[in-house]
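# Examining the three-dimensional arrangement
Here is what each chain is made of, one letter per residue.
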Amino acid sequence: MTTSTTTGDERLRRWRLVLGGDAADGTGCQLSGQDAAMDGALTALYGSGRGGQRNPGGSRSAGLGASAPSVARWLGDIRTYFPSSVVQVMQRDAIDRLGLSTLLLEPEMLEAVDADVHLVGTLLSLNKAMPETTKETARAVVRKVVDDLEKKLATRTRSTLTGALDRSARISRPRHHDIDWNRTIAANLKHYLPEYRTIVPERLIGYGRAAQSVKKEVILCIDQSGSMAASVVYASVFGAVLASMRSIQTRLVVFDTAVVDLTDQLDDPVDVLFGTQLGGGTDINRALAYCQSQITRPAETVVVLISDLYEGGIRDEMLKRVAAMKASGVQFVTLLALSDEGAPAYDREHAAALAALGAPAFACTPDLFPEVMAAAIEKRPLPIPDSAAETGGAAANRI
């Protein structure tokens, strides 16, 4: 068999798996062995017509059965035949397309799934309906995801923000034991005297003496409406990381139409997450009113509003509060999402209004978040992604 024939057969095989084997798929390709098993797993979820086609009666031909055992077997199959990233996408599709949320209330189902941020969001939305027999298993699932995220995000976040805090606290006339000799030498190399083989420093660079005191205050204000599930998970993890830094006083506030302060639970992001209640309405104005009441040092405070800005409260009052906070010296940042989910849906009119106030509104990935916080702490322009320009964020960042 020639190479071109082999390549053509492989291409035909892949198209057959994509199209699902309907009579009209045109491939004429027969599957066997593992390929047939993969096709069965795909058919159970997406039906035989993979491209979103429906049966003549209008319903999908997909189906995993109504029992937890059959779903658990299917979960085992897809882990066997597909990589982890694909498994997580298929799990999400199964929950969305086939209404399997109720099965996640059964412990054996939770033990069978591959946990990720999106699954945690689903579990949190089901929290109030979850029976006691499932809650411990659910907490274990959430704990694993949170611990993995914290390991991934904590070190870089702490190092980035520690550098930002040091730079923001740097002083030009430090006491002798506060001098940063490395930076002082680098800044004074031009004053090297070769005949004495020494540097005469004209400018000393150092840090403030209160290295362990609180230098900045950060308030994370998180919209817990259903569409913000992934953002709530990431924000809770980042909140715990920030709270572990002595130089930052961190407050975490979640809201829908009510406002809940979860600051006292920040030492455990799992407790924070189970203290949220995804879904419901949104009153950003009320949440910002509470945050505003907690600010004691405006010039040293960063307020991060994480919301899609679909405001159910008083819009004009919300904007007045943001303007007042900025006028008092608060660094105000609006994140339309804190996740890897791509471009979010958001209220463009409100985003533009905030941008006009000099409060940029943009989506942020978890990888970018430490840089955003570092820039806010140092009071320098935020690293707004190019894709955020249409919200007016880039223009606002230059104000």
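Overview of the structure. The model shown is predicted, which means the values in this text are computed figures rather than measured ones. (Residues numbered from 1 in each chain as written. Predicted model: local features only at pLDDT ≥ 70, side-chain atom pairs only at ≥ 80, totals over all residues. Heavy atoms only, no water.)

## Overview of the sheet that holds strand β7 (residues 259-261)
Strand order in this open sheet of 6 strands is β7-β6-β5-β8-β9-β10, and the pairing throughout is mixed. Each edge of the sheet is formed by a strand with only one pairing partner; in this case those strands are β7 and β10 (361-364). Ignoring strand direction, the axes of neighbouring strands in this sheet form an average angle of 25°. Across 8 bridges, strand β5 (residues 216-223) lies against strand β6 (residues 248-255) in parallel orientation. When the sheet's bridge partners are listed, Cys221 is paired in β6 with Val253. Packing of helix α14 (residues 369-378) onto the sheet brings it into contact with β5, β6, β8 (301-306), β9 (331-338) and β10, and relative to β9 it is tilted by some 170°. (Pairing = 2+ DSSP bridges. Helix = DSSP H or I, 4+ residues; strand = E, 2+ residues; numbered from the N terminus. Axes fitted to C-alpha atoms, helices over the stretch in contact; angles between N-to-C directions. Contact = heavy atoms within 4.5 Å.)

## Concerning the nonpolar core
With 82 residues, the main nonpolar core has Trp74 and Leu104 as its most contacted residues. Counting residues in hydrophobic clusters, the runner-up holds 25 residues, among them Val253, Tyr346, Ala351 and Ala359. (Core = buried A, V, L, I, M, F, W, Y, C linked by side-chain atoms within 4.5 Å. Buried < 20%, exposed > 50% of the residue type's maximum accessible area, 1.4 Å probe, protein only.)

## Structural notes on helix α13 (residues 348-356)
Residues of α13 that are buried include every one of His350, Ala351, Ala353, Leu354 and Ala355, and no others. The distance from a side-chain oxygen at the start of α13 to the backbone nitrogen of Glu349 is 3.1 Å, and the residue carrying that oxygen is Asp347. With its phi angle positive at about 85°, Gly358 sits one or two positions after the end of α13. (Polar contact = N/O pair within 3.5 Å; in protein donor to acceptor, adjacent residues only side chain to side chain.)

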